[in-house]
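# Structure assessment
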Amino acid sequence: MSAALVLDLAEVSKADVGVVGGKNASLGEMIGALVPGGVAVPAGFATTAAAFRLFLDHNGLVAVIADLFAAHAAGEADLAQTGKAIRAAIVDGEWPVELREEICRAYAQMAADTGVERPAVAVRSSATAEDLPEASFAGQQETFLNVSGEGALLDACLRCFASPYTDRAISYRAAHGFAEGTVALSVGVQRMVRADEACSGVMFTIDTDTGFPDVVMIDGAWGLGENVVQGVVDPDAWQVFKPLLANPELCPIIARRRGAKKVKMVYSSERGASTVNVETGPEEREAFVLTDDEVLQLARWGALIEDHYGRPMDIEWGKDGADGGLYILQARPETVHSRAPRGSLKTYSLSRTGEELLSGLAIGSAAATGPVCLIESAADIAGFIDGSVLVTSTTDPDWVPVMKRAAAIVTNHGGRTSHAAIVSREFGLPAVVGTGNATEVLQSEQDVTVSCIGGEKGVVYAGSAEVAVEEVDLSTVPETQTQIMLNLADPGAAARWWQLPSDGVGLTRMEFVIANSIKIHPMALAHFETLEDAATREQVARITQGYSDRRDYFVDQLALGIARIAAVQFPRPVIVRMSDFKTNEYAGLIGGAQFEPVEENPMLGFRGAARYSSPRYRPGFSLECRAIRHLRETMGFTNVAIMIPFCRTLEEADRVLAVMLEEGLTRGEGGLELYVMSEIPSNIVLAGQFAERFDGFSIGSNDLTQLTLGIDRDSELLADQFDARDPAVEWMIRHVIGEAHRHGTKVGLCGQAPSDDPEFARFLVECGIDSISVTPDSFVAVKEHVSAAERARSVRNAGLEAIA
């Protein structure tokens, strides 16, 4: 029995990669296994590898192609000439009668099923080596959209048959070790999803830059998804936390960024052009392309697809403007982090950096230096200099041959799921995408440093900085009885440290999110109508555009920022310190000067707990509390605990607790824990009574040293006397640990001293401290210091027992 030439996608599965290619096999697998569970995938059919080979044999093309490649290998023709000749031979070929009839019969059946005489379809190439875990083949074969009628369909199928022989596809196969003649081509034909009338995009079921496995990343823009894939637009972007998706009552969206979306791709009515980019309107640019409910639906589908395939996935989606439904258009294995070895952590650091020239989205977490090679068009890539920093507006598959020879990549446009981002990750290159103006700011032969080491923000510096690389084998990190936690403040960098075997986060500074993400004084939002400065009013109105209640902007953005940190550690505890700006720092926020007093000594002034019940800040603290409630109750991050800073007296503590009760934050309710910073002699002297009000203490060694010794922590003249190992400071630490334990209360310390001074770590262990919280780059050193101290304590205790 002869092999089938055309198969309904419902007849194929993931086992049929050799028959219909990876892309079509995956579509068939989803239609058969996941559509019954609610995942929407457009129906369709596919030509088989046997059909491709029949076409080649029918037209005598096997020998033609072999001869052309032999001529290329002999230097008689360059790659461009070879590929062009092969493509022309295929497109000029004749259809075998039986194959033509099978394709037309399947198309007629689709017309009958849809009730449309000439249904519009998407025609996609699917190579038999495509979409494997080892290689993405991103964009290497052709796709034709909005194809209608038998003649147009057959023409699109011919051009798909020719697509394995573009310069980029030939180069890509060679780079990944696929010999010519071993890869066949299947053509997938699906009912067209009218994303041109709505939106589309890309979804990954893993953090594509850090490998953090518990998020779904979604990018989307108006119109057809090609603009997102090729990086032509700056898309809307979301991140969703997978472990909480199973609870339909929760909304675990942990990141939401509105992109510029200046153009959208729609179908063209012009002869010879199937699609065209048109400018979006102001309303489209200001609106998100998806609602939160749609984001969650896509994320749940992504998680289902990942679970089914048993690996992280790269998924294309579209929304149909005609029926309003969401659809999965493609799904392939993610090819970078899913294959990366686990158990080691490589970190980069820079020294002697030059001026910051521009910034954008960081792709990867590495850094590289080199001269700029500015190329505006793919037609000019022959001029690329190996080892240079490739700077261009955007990339597509034609750029792949030079991308792999670059030291780093910088683009004007694109998001995290753009072609430039995907290929950069695959080649292990640092890239900064979506800079907006790289081709205007940078010049060829200019030495630059491309840095992706600072979290989500990628930076291009002038000159060649010194790049240091350190790799830690996490299997060698010792276990400790003392909990070692992290100090994390930057939500964008938190996922970089997901592999560290930490015991949670001992300190997240709320003010970092307020200063860097929100930027507006909370009182300026609570009392927007009273803002006196017209320019400030306009600035606040512009930033909070889209929020009917400007206070919701503060709550939403603060919750999102903290959620990024809480997600990386979930379900381990994340202790969030409520805002602890000094008045001069608060005044620096947008609209802040109107609401803050001018103090001679802000360090000892109106800060910390004193603000929370004061009429001068009570409405602002209410917004902080609302954000914590939203984080815990709506998003589901019940691992978040609260810490009150700079609490001077018992009365002050009682007032704060009463205010939090009014705001719906009750100690013990829903497992909520409340901590207090132990950084003032007064609350250490009265530690026993504070322990009755809080679940734990966190020693702030810098402020405690300052206030115990009466030394300004910023004084250069007294810097040599500012010492956390001073006997008076050590007495304070020993006392609060002892009092806390007598009352069954936990106590930890946040600070760098244990990493800088092994003896201080030993002192803390001897005192019986429960946890130590340090910056991520100090984590391993502190683990080792504490482990050594614990071993020494065990040896000494064993000796004492022997003597006894």
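Within each chain, residues carry numbers counting from 1 in the order of the written sequence. Predicted model: local features are reported for residues with pLDDT of at least 70 only, side-chain atom pairs are reported and counted for 80 or more only, and whole-chain, interface and lining totals are derived from all residues. Just so you know, side-chain values use all the structure's heavy atoms and leave hydrogens and water out.

### Overview of the side chain of Gln706
Position of Gln706 relative to the elements: it lies in helix α24 (residues 701-709). One polar contact links the side chain of Gln706 to the main-chain amide nitrogen of Arg713, over a distance of 3.0 Å. Residue contacts for Gln706: discarding those within four places in its chain leaves Met603, Ile711, Asp712, Arg713 and Phe722. For the purposes of this entry, the term helix denotes a DSSP run of H or I that reaches at least four residues, the term strand denotes a run of E that reaches at least two, and both are numbered from the N terminus. A 3.5 Å cut-off defines polar contacts: any pair of N or O atoms within that distance qualifies, except that in protein one atom must be a possible hydrogen donor and the other a possible acceptor, and neighbouring residues in sequence count only when both atoms are side-chain atoms. Residue contacts are defined here by distance: any two heavy atoms, one from each residue, within 4.5 Å place the two residues in contact.

### Quick word on the pattern of salt bridges
A pairing counts as a salt bridge when a side-chain nitrogen of Lys or Arg comes within 4 Å of a carboxyl oxygen of Asp or Glu. Under the criterion given, the structure shown has 39 salt bridges. Two residues, Glu511 and Arg577, come together in a salt bridge whose shortest N-O distance is 2.5 Å. On the criterion of sequence distance, the pair formed by Glu511 in helix α14 (residues 510-518) and Arg577 in strand β25 (residues 574-577) is long-range, its members being 66 residues apart. By the burial criterion, Glu511 is buried, and Arg577 matches it. The salt bridge partner of Arg607 is Asp703, with a shortest N-O separation of 3.2 Å. Remark: Asp703 occurs in helix α24 and Arg607 occurs in the loop between α18 (583-587) and α19 (609-612); sequence separation between them is 96 residues. Only protein chains enter the area calculation, which uses a 1.4 Å probe; residues under 20% of their type maximum are buried, those over 50% are exposed, and those in between are partly exposed. Overall, the relative accessible area of 4% leaves Asp703 in the buried class.

### A short note on the nonpolar core
Buried residues of nine kinds, namely Ala, Val, Leu, Ile, Met, Phe, Trp, Tyr and Cys, make up a nonpolar core once their side-chain atoms join them within 4.5 Å. In terms of nonpolar packing, the biggest core is built from 107 residues, with Phe637, Ile644 and Ile733 touching the most fellow members. Considering every element that reaches this core, the biggest residue donor is helix α17 (residues 550-569), with twelve residues. The residues contacting Phe637, other than those within four sequence positions of it, are Phe241, Leu244, Ile254, Ala563, Ala566, Ala567, Phe570, Leu631 and Arg632.

### Side note on the sheet that holds strand β13 (residues 326-333)
Strands are treated as partners if at least two bridges between them are detected by DSSP. Here we have six strands laid out as an open sheet, ordered β9-β8-β7-β6-β12-β13, and antiparallel in their pairing. Strands at the two margins of the open sheet, each flanked by one partner only, are β9 (253-257) and β13. Strand after strand, the sheet turns through a mean of 15° between neighbouring axes, direction not considered. Pairing of strand β6 (residues 199-204) with strand β7 (residues 215-222), which is carried by six bridges, proceeds in the antiparallel orientation. Note on β7: the bridge partner recorded for Cys199 is Trp222. Each axis is a line fitted through C-alpha atoms, and for a helix only the stretch in contact is used; angles between axes span 0 to 180 degrees, taken between their N-to-C directions.

### What to know about the pairing of strand β12 (residues 313-319)
Burial analysis of β12 places seven of its seven residues in the buried class, which makes it a mostly covered element. Alternating residues of β12 divide into Met313, Ile315, Trp317 and Lys319 and Asp314, Glu316 and Gly318, and every residue in both groups is buried. Note: β6 against β12, six bridges, orientation antiparallel. Considered in β12, the bridge of Cys199 is made with Lys319.

### Examining the environment of His308
You can see His308 is positioned in helix α10 (residues 292-309). Here the alpha-carbon distance between His308 and Glu29, two residues 279 residues apart in the chain, equals 9.5 Å.

### Details of the sheet that holds strand β17 (residues 389-392)
Pairing within the closed barrel is mixed, and its seven strands lie in the order β15-β19-β18-β17-β16-β20-β21. Each strand of the sheet is rotated relative to its neighbour by a mean of 35°, with strand direction disregarded. Helix α12 (residues 419-427) rests against β15 (356-363), β18 (408-411) and β19 (431-433) of the sheet, and its axis sits at about 80° to β15.

### Section: the pairing of β7
Taken residue by residue, a regular strand's side chains alternate between the two faces of the sheet. β7 sits mainly inside the fold: eight of its eight residues count as buried. Here six bridges tie β7 to strand β8 (residues 236-241), and the two strands are oriented antiparallel to one another. Along β8, the bridge assignment pairs Val215 with Phe241.

### Looking at unusual backbone geometry
Glycine aside, residues mostly have negative phi, and peptide bonds are mostly found in the trans state. Residue Phe570 is joined to Pro571 through a cis peptide bond whose omega torsion reads 5°. Structurally, Pro571 can be placed in the loop between α17 and β25. Of note, Asn146 is a non-glycine position whose phi angle comes to about 60°, a positive value. Residue position: Asn146 is located in strand β4 (residues 143-147). Phi is positive for Arg352, which is not a glycine, with a value near 55°. Structurally, Arg352 is set in the loop between β14 (344-351) and β15.

### What to know about the side chain of Arg632
When you line up the elements, Arg632 lands in helix α20 (residues 618-634). Charged-residue counts in this description rest on Lys and Arg as positive and Asp and Glu as negative, His and the chain ends being excluded. Despite being buried, Arg632 has no salt bridge partner; Glu633 is the closest side chain of opposite charge, sitting 6.1 Å away. In terms of polar contacts, Arg632 uses its side chain to reach the backbone carbonyl oxygen of Gly670, at 2.8 Å. Arg632 has contacts with Phe637, Thr638, Val640, Glu669, Gly670, Gly671 and Leu672, leaving out every residue within four places of it along the chain.

### Brief notes about helix α2 (residues 49-58)
Listed in full, the buried residues belonging to α2 are Ala49, Ala51, Phe52, Phe55 and Leu56. One side of α2 holds all its buried residues, which, seen down the axis, span an arc of 165°. Remark: Gly60 follows α2 within two positions and exhibits a positive phi of approximately 65°. In this context, the arc is that of the directions from the helix axis out to the C-beta atoms.

### Let's talk about the packing of aromatic side chains
Aromatic rings from Phe, Tyr and Trp, with only the six-membered ring used for Trp, were paired whenever their centres fell within 6.5 Å, and each pair was classed as stacked if the ring planes differed by under 30 degrees, edge-to-face if by over 60, and tilted otherwise. Considering all chains together, one arrives at 15 aromatic pairs under this definition. Residues Phe52 and Phe161 carry aromatic rings whose centres are separated by 5.3 Å and whose planes lie at 75° to one another, so their mutual orientation is edge-to-face. Of this pair, Phe52 sits in helix α2 while Phe161 sits in helix α6 (residues 150-162), and the two are 109 residues apart along the sequence. By relative accessible area, Phe161 is classed as buried at 0%. One aromatic cluster in this structure is built from Phe52, Phe55, Trp95 and Phe161. In this analysis the charged atom, NZ for Lys or CZ for Arg, is taken to sit over a ring once it is within 6 Å of the ring centre and within 35 degrees of the ring normal. The ring of Phe144 carries Arg159 above its face, with NZ or CZ at 4.3 Å from the centroid.

### A short note on the packing of helix α4 (residues 79-91) against α6
In contact at an axis separation of 9 Å, α4 and α6 are set at 150° when each is read in the N-to-C sense. Here α4 lies roughly antiparallel to α6, going by the angle between them. Where α4 crosses over α6, the handedness of that crossing is right-handed. Of the residues in α6, those in contact with Arg87, Ile90 and Val91 of α4 are Leu158, Phe161 and Ala162. When its residues are assigned to classes, the contact of α4 with α6 shows five nonpolar, no polar and one charged. Working rule for angles: under 35 degrees goes down as roughly parallel, over 145 as roughly antiparallel, 65 to 115 as roughly perpendicular, anything else as oblique. The sense of a crossing depends on the near helix, which, turned anticlockwise from the far helix by less than a right angle, makes the crossing left-handed and, turned clockwise, makes it right-handed. Residue polarity is assigned by list, with Asp, Glu, Lys and Arg as charged and Ala, Val, Leu, Ile, Met, Phe, Trp, Tyr, Cys and Pro as nonpolar; anything else, Gly included, falls into the polar class.

### Observations concerning the confidence of the model for the protein
Scored from 0 to 100, pLDDT records how confident the predictor is in each individual residue. The predicted model of the protein has a mean per-residue pLDDT of 91, with 96% of residues at 70 or higher. Below a pLDDT of 50 lies the segment residues 130-139, which in the model reaches 37 contacts outside its immediate sequence neighbourhood of four places, other chains included.

### As for the environment of Ile562
Following the sequence through the fold, Ile562 ends up in helix α17. Ile562 gets classed as buried once you look at its relative accessible area, which sits at 1%. Ile562 sits 45 residues away from Arg607 along the chain, and the two C-alpha atoms are 21 Å apart. What Ile562 contacts, discounting residues up to four positions off in sequence, is Met510, Val576, Ile628 and Leu631.

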